[in-house]
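Listed below are the residues making up each chain.
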Amino acid sequence: MKLAEALQERADLNRRVEQLRARLSNNVVMQEGVKPVEPPDALLNEMDALLNRLEALIIAINRTNMAAIVDGAPLSDALARRDVLKMRISILRDAVSQASRLAQRSRGDEIRQLPAVDVRALQRQVDDLSRDFRLLDNRIQAANWATELIER
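Remember, predicted model here, so these are calculated numbers, not experimental data.

Student: Looking at this structure, I do not really get the overall build of the chain. What am I missing?
Tutor: Per the secondary structure count, the chain includes four helices and two strands. Reading the helices (α) and strands (β) of the chain from amino to carboxyl end gives α-α-β-β-α-α. Compactness check: the chain gives a C-alpha radius of gyration of 24 Å against a globular reference of 15 Å for 152 residues, more than 25% above the reference. Principal-axis analysis of the C-alpha atoms places the extent of the chain at approximately 70 × 55 × 15 Å. The buried share of the chain, reckoned over its 152 residues, is 26%. Within the chain, residue pairs in contact and separated by at least 24 positions form 73% of the contacts whose partners lie at least 6 positions apart. Surface summary for the chain: the accessible area is close to 10,800 Å², and the carbon and sulfur share equals 52%. In the chain, 24 side chains carry a positive charge and 23 a negative one; their mean positions are 7 Å apart.

Structure follows, in C-alpha cells:
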C-alpha cells in the first residue's frame, strides 16, 4: 500500500469514528420500555475495531514519514515545514487584510487610521510563501504516492 492510500484510509477511518461516536451517543440512553435503535454493545465493538485499525495505520504512517526522504531530509521534516508555512501564510494574510481595510469614517473630524506596515511588501511575502507552500506540498504529495507504507 502506498503512503497516500494509507493517508486516505486514515481520513476515512477518522470520519467513520466520528459517525460512530454520534450513533453511540444516540443509543446509550433509552426511554423505559423502548429498545435503542442500535445495540450499544455492537457499536462499541465496531468502534474498538476501527480504533485498533486507526492506531496501527497511524503508527505505520509515522514510521514511513520518518523513513521517506524529501529534499534530503525525512518526510516528517517536510510536513513540519509545510504546517508552519501554512500558519505563517495565514497570519500574514490576516495582517494584509487588516492593514488593507480603508478607514471607516462617518465624519471628517474622526481619527484616521493608517496601515503600520508596507502592505505591498507584506503581500509579496505572502505570495512568495504561498508559492513555496505549493511547491513543497507538491513534493510531499509526490513522495506520498511514490512511497510504500512501512507496516509492522
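Now that the structure has been shown, we can carry on.
Student: I would appreciate a short explanation of the nonpolar core in the present structure.
Tutor: Counting 29 residues, the largest nonpolar core has Leu-57, Ile-61, Leu-75, Ala-78, Ile-140 and Leu-149 as the members making the most contacts within it. Contributing elements (two or more residues each) for this core: helix H1 (3–27), helix H2 (40–67), helix H3 (75–100) and helix H4 (119–146). Residues contacting Ile-140, with those up to four places away along its chain left out, are Leu-75, Ala-78, Leu-79 and Arg-82.

Student: Could you clarify how one ought to interpret unusual backbone geometry in this entry?
Tutor: Trans peptide bonds make up most of the peptide bonds, and negative phi angles are found at most residues other than glycine. Despite not being glycine, Asp-71 shows a phi value in the positive range, around 55 degrees. Among the structural elements, Asp-71 can be located in the loop between strand E1 (69–70) and strand E2 (73–74).

Student: Can you help me understand H4 in this one?
Tutor: At 3.6 residues per turn, the α-helix brings residues three or four places apart onto the same side. When the terminal C-alpha atoms of H4 are compared, their 40 Å separation across 28 residues agrees well with the 40 Å that a helix rising 1.5 Å per residue should span. When we look at burial in H4, the residues that qualify are Leu-122, Val-126, Leu-129, Ser-130, Leu-136, Ile-140, Ala-143 and Asn-144. The secondary structure elements touched by the buried residues of H4 are H1, E1 and H3.

Student: What am I meant to see in the packing of H3 against H4 here?
Tutor: Pairs of packed helices are described in terms of their axes, by the angle between the two and the distance that separates them. At their nearest, the axes of H3 and H4 sit 9 Å apart, and the two run at 155 degrees to each other. Compared by their axis directions, H3 and H4 come out roughly antiparallel. H4 is crossed by H3, and the crossing has left-handed handedness. Partitioning the contact of H3 with H4 into residue classes produces 17 nonpolar, six polar and seven charged.

Student: So what exactly am I meant to see when it comes to the pattern of salt bridges here?
Tutor: If charged atoms from side chains of opposite charge come close, those side chains can pair. Going through the model one piece at a time under the given rule, you end up with eleven salt bridges. Among the ionic pairs, Asp-128 bridges to Arg-131, the shortest N-O distance being 3.3 Å. A residue pair is termed a helical-turn pair when its members lie 3 or 4 positions apart in one helix, as Asp-128 and Arg-131 do in helix H4 at three residues. The class for Asp-128 is partly exposed, based on a relative accessible area of 38%. We classify Arg-131 as partly exposed; its relative accessible area is 38%. By sharing partners, the salt bridges in this structure join Arg-23, Glu-38 and Glu-46 into a single network.

Quick notes on the rules
Residues numbered from 1 in each chain as written. Predicted model: local features only at pLDDT ≥ 70, side-chain atom pairs only at ≥ 80, totals over all residues. Heavy atoms only, no water. Helix = DSSP H or I, 4+ residues; strand = E, 2+ residues; numbered from the N terminus. Rg over C-alpha atoms; globule rule 2.2 N^0.38 Å. Buried < 20%, exposed > 50% of the residue type's maximum accessible area, 1.4 Å probe, protein only. Contact = heavy atoms within 4.5 Å. Areas by Shrake-Rupley, 256 points an atom, 1.4 Å probe, with all protein chains shown as cover. Lys, Arg positive; Asp, Glu negative; His and termini not counted. Charge placed at Lys NZ, Arg CZ, Asp CG, Glu CD. Core = buried A, V, L, I, M, F, W, Y, C linked by side-chain atoms within 4.5 Å. Expected span 1.5 Å × (residues − 1). Axes fitted to C-alpha atoms, helices over the stretch in contact; angles between N-to-C directions. Parallel < 35°, antiparallel > 145°, perpendicular 65-115°, else oblique. Left-handed = near helix turned anticlockwise from the far one by under 90°. Nonpolar A, V, L, I, M, F, W, Y, C, P; charged D, E, K, R; others polar. Salt bridge = Lys/Arg side-chain N within 4 Å of Asp/Glu carboxyl O.

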